[in-house]
Each structure stands twice: as C-alpha cells, then as structure tokens.
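Analysis of the macromolecular model
In case you want the letters, here they are:
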Amino acid sequence: MQKEHNDHSPGRHKFSLCYLATDIRTPSNVGGLFRIADALGVEKIYLAGKSLVPPNSKIRKVSRSTEQQIPYQYENDALKTAQRLKTEGYQIICLEITSHSIELSHAPVTGGDKICLVLGSEKDGIGEELLKIADATVHIVMQGVNSSMNVTSACAIASYEILRKITSKHQD
C-alpha cells in the first residue's frame, strides 16, 4: 500500500537525503521529523510500518504545518522500500546502536552521495532485516549515563552530520 503526498515548493533546495521512519507511533516524533526535514532541506520522508501519517492534528502542531511542505509517502514494508531505494542509488544508513555500529562521524558518506537515513522507534529500534541490508549502521557517541536519545534529537544530529559530508567539497 502506497500513499504519497508531494508539494514541491519552488525555489527550495533539497539535498539527496531522505528518511525511512519505521514504526514511529508518537505524533510528536513524526511531527518533529517533518520539522527537521524542512529546516535541513531533506528531500522526502518515507513513513513505514506502524508509523503515524498526516493528517493528524498532533503531528501538524509539532511540525508547525511542515508536513504540508515536505514530500512524504507511506509504505507498508520498510524492507522493500529500503531495497528499492538501494536500486535507485541510495546508500542505506541505519541510525542504531549495535555491536557492529560505527561512530556517526565515521559514516561512509562523501560529497554528492544519495543517503537514506533509517530511523526506528525508541521502543523497538530498527528491525534485523533492515540492519542486514544497510550499507552502514551508525550511532551517536553518548557522553552521559543514558545510552539513547529521542529519535527526533538523534535524527537532527545525524542529518546535520550527513548533510555536512554530502555538501563537502573535499573528503574528511
């Protein structure tokens, strides 16, 4: 099942970065993803599985109506969506702490790359099947006693770092 929304605002620069959000069931988190995407020039959001989708008054309130500006699409199957994006030339980067994840700053991203950032729910994380097909699994180095952070906060940090690398004129 596909449901798509496209509203390409003229003159807006979009980077080759999209989100694949799996099972994000909290309206404030979905709204936050739209707000981050708008602020940073993300090209599209794929909401998959049990993720909430607009229209939703709580999503709209947190997103400050950016769900009307950022193209998004609902996909039932996150794995199939990731596989399709791979065939379209996107690198699949999962944001998840695992025994094999690398520091976000070491993500294998260079200028001009097309990236799909996969985000999982705070409760369940990213499914094993998605982690297996990922080009990289990255984590944010944590300095405190807590080993995780809110998905929207983590998404903002990861997006900023990935976009810095995509737009870099030379490799780090």
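Read on for an overview of the structure.

Another aspect to go through is the overall build of the protein chain. The number of helices and strands found in the protein chain is 5 helices and 8 strands. When the elements of the protein chain are put in sequence order from the N terminus, they spell out β-β-α-β-α-β-α-β-β-β-α-β-α. Compactness check: the protein chain gives a C-alpha radius of gyration of 15 Å against a globular reference of 16 Å for 172 residues, within 12% of the reference. With 172 residues in all, the protein chain has 47% of them scored as buried. Across the protein chain, contacts joining residues at least 24 apart in sequence account for 84% of those joining residues at least 6 apart. Charge centroids of the protein chain, computed over 20 positive and 19 negative side chains, lie 6 Å from each other.

Bringing the nonpolar core into the picture now. Membership of the largest hydrophobic core comes to 33 residues, with the highest contact counts inside it found for Leu17, Tyr19, Phe34, Ile45, Leu95, Leu117 and Leu119. When contributions to this core are tallied by element, the ones reaching two or more residues are β2 (15-22), α1 (27-40), β3 (42-48), β5 (91-95), β7 (115-120), β8 (136-139) and α5 (151-166). In terms of nonpolar packing, the next biggest core, distinct from the first, is built from 17 residues, Cys18, Ala48, Cys94 and Ile133 among them.

One pass over the full model with this rule turns up 1 aromatic pair. Ring geometry for Phe34 versus Tyr72: centroids 5.4 Å apart, planes at 90°, classification edge-to-face. Taken together, the residues Phe34 in helix α1 and Tyr72 in strand β4 (residues 72-75) connect sequence positions 38 residues apart. When sorted by exposure, Phe34 lands in the same class as Tyr72, which is buried.

This next bit is on the side chain of Asn29. If you trace the backbone, Asn29 turns up in helix α1. Of note is the side chain of Asn29, whose polar atom sits 3.1 Å from the side chain of Glu122. Non-local contacts of Asn29, meaning those with residues more than four positions away in its chain, are made with Ile24, Glu122, Asn150, Val151 and Thr152.

The terminal C-alpha atoms of α1 lie 20 Å apart, and with 14 residues this matches the ideal 20 Å at 1.5 Å per residue to within 8%. Every buried residue belonging to α1 is among Pro27, Asn29, Val30, Gly31, Gly32, Leu33, Phe34, Ile36 and Ala37, and all of these are buried. Where α1 is buried, its residues meet β2, β3, α2 (57-63), β4, β7 and α5. Following α1 by one or two positions, Gly41 adopts a phi angle in the positive range, close to 80°.

Definitions and cut-offs
Residues numbered from 1 in each chain as written. Predicted model: local features only at pLDDT ≥ 70, side-chain atom pairs only at ≥ 80, totals over all residues. Heavy atoms only, no water. Helix = DSSP H or I, 4+ residues; strand = E, 2+ residues; numbered from the N terminus. Rg over C-alpha atoms; globule rule 2.2 N^0.38 Å. Buried < 20%, exposed > 50% of the residue type's maximum accessible area, 1.4 Å probe, protein only. Contact = heavy atoms within 4.5 Å. Lys, Arg positive; Asp, Glu negative; His and termini not counted. Charge placed at Lys NZ, Arg CZ, Asp CG, Glu CD. Core = buried A, V, L, I, M, F, W, Y, C linked by side-chain atoms within 4.5 Å. Phe/Tyr/Trp six-rings, centres within 6.5 Å; stacked < 30°, edge-to-face > 60°. Polar contact = N/O pair within 3.5 Å; in protein donor to acceptor, adjacent residues only side chain to side chain. Expected span 1.5 Å × (residues − 1).

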